[in-house]
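If you want the building blocks of each chain, they are given just below.
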Amino acid sequence: MVDRFKDGDKTNTKQVKNDSILLKANYYGGDLKGVLDKIKEGYFNKLGINTVWLSPITQNQEGVYGLWSEPMTKFSAYHGYWSISNTKIDYRFGDTKIFKELIAEAHKRNLNVLLDYVANHVHKEHPLYKNNPEWATPLYLPDGTMNTEKWDEHRLIPI
């Protein structure tokens, strides 16, 4: 998870300012520069791996969303799954230049880089959702509760 890995560029570190969000549910500051620094240090090669899998790095929304009761908190998009763009890199993680350098350095060290891209996770501010809201699963279930807070009750059960 890019945000939780290493903060290599303090200038792009931006937590969401909101009293309803606990520190653990906010941005920590990890970024592509932090990943790049560790690639250059040989960190991943020393681990004996050949692939680095990065959490989504596309631009995410700015505010707080969701709600969890134990402990009570809302969330920032530190995880990368609330995208508002399919192509733009989130400024909190870096930019195209640093991403291209990261890829080049990884390849020099025989490392593959996988980008987590989850097409079914877009934020309501994403143009895809705004232009086609009927494509999305309803946010509220028939009983009035939000489907985003029902992970435990609605797990996929093997047949």
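Residues numbered from 1 in each chain as written. Predicted model: local features only at pLDDT ≥ 70, side-chain atom pairs only at ≥ 80, totals over all residues. Heavy atoms only, no water.

**Observations regarding the side chain of Asp31**
Looking at where Asp31 falls in the secondary structure, it is placed in the loop between α1 (2-5) and α2 (32-41). Although Asp31 lies buried, it forms no salt bridge, and the closest oppositely charged side chain, Lys6, sits 7.2 Å away as judged by the N-O distance. At 3.0 Å, the side chain of Asp31 and the backbone nitrogen of Asp9 are in polar contact. Here the side chain of Asp31 touches Lys33 through a polar contact of 3.3 Å, landing on its backbone nitrogen. (Helix = DSSP H or I, 4+ residues; strand = E, 2+ residues; numbered from the N terminus. Buried < 20%, exposed > 50% of the residue type's maximum accessible area, 1.4 Å probe, protein only. Lys, Arg positive; Asp, Glu negative; His and termini not counted. Salt bridge = Lys/Arg side-chain N within 4 Å of Asp/Glu carboxyl O. Polar contact = N/O pair within 3.5 Å; in protein donor to acceptor, adjacent residues only side chain to side chain.)

**Re the environment of Leu115**
Turning to its location among the elements, Leu115 is positioned in strand β4 (residues 112-115). Separated by 63 residues in sequence, Leu115 and Val52 place their C-alpha atoms 8.6 Å apart. Not counting residues up to four positions away in its chain, the partners in contact with Leu115 are Trp53, Leu54, Ile57 and Phe99. (Contact = heavy atoms within 4.5 Å.)

**What about empty space enclosed by the protein?**
Tallying each qualifying case throughout the model produces 2 cavities of 30 Å³ or more. Roughly 70 Å³ of volume is contained in the largest cavity. Lining the largest cavity are Pro56, Thr58, Gly80, Tyr81, Ser83, Ser85, Asn86, Tyr117, Val118, Ala119, His121 and Val122. The residue inventory of the lining of the largest cavity, partitioned by class, reads 6 nonpolar, 6 polar and no charged. A volume near 30 Å³ is recorded for the second largest cavity. (1 Å grid on protein atoms, 1.4 Å probe; cavity = no way out; pocket = protein on both sides within 12 Å on 5 of 7 lines; lining within 4 Å. Points joined across faces, edges and corners; volume = space filled by probe spheres on them. Nonpolar A, V, L, I, M, F, W, Y, C, P; charged D, E, K, R; others polar.)

**Observations concerning unusual backbone geometry**
Cis geometry marks the peptide bond from Glu70 to Pro71, where omega comes out at -10 degrees. Within the fold, Pro71 resides in the loop between β2 (65-69) and β3 (72-75). Look at Asn110: it is not a glycine, yet its phi comes out positive at around 60 degrees. Turning to its location among the elements, Asn110 is positioned in the loop between α4 (96-108) and β4.

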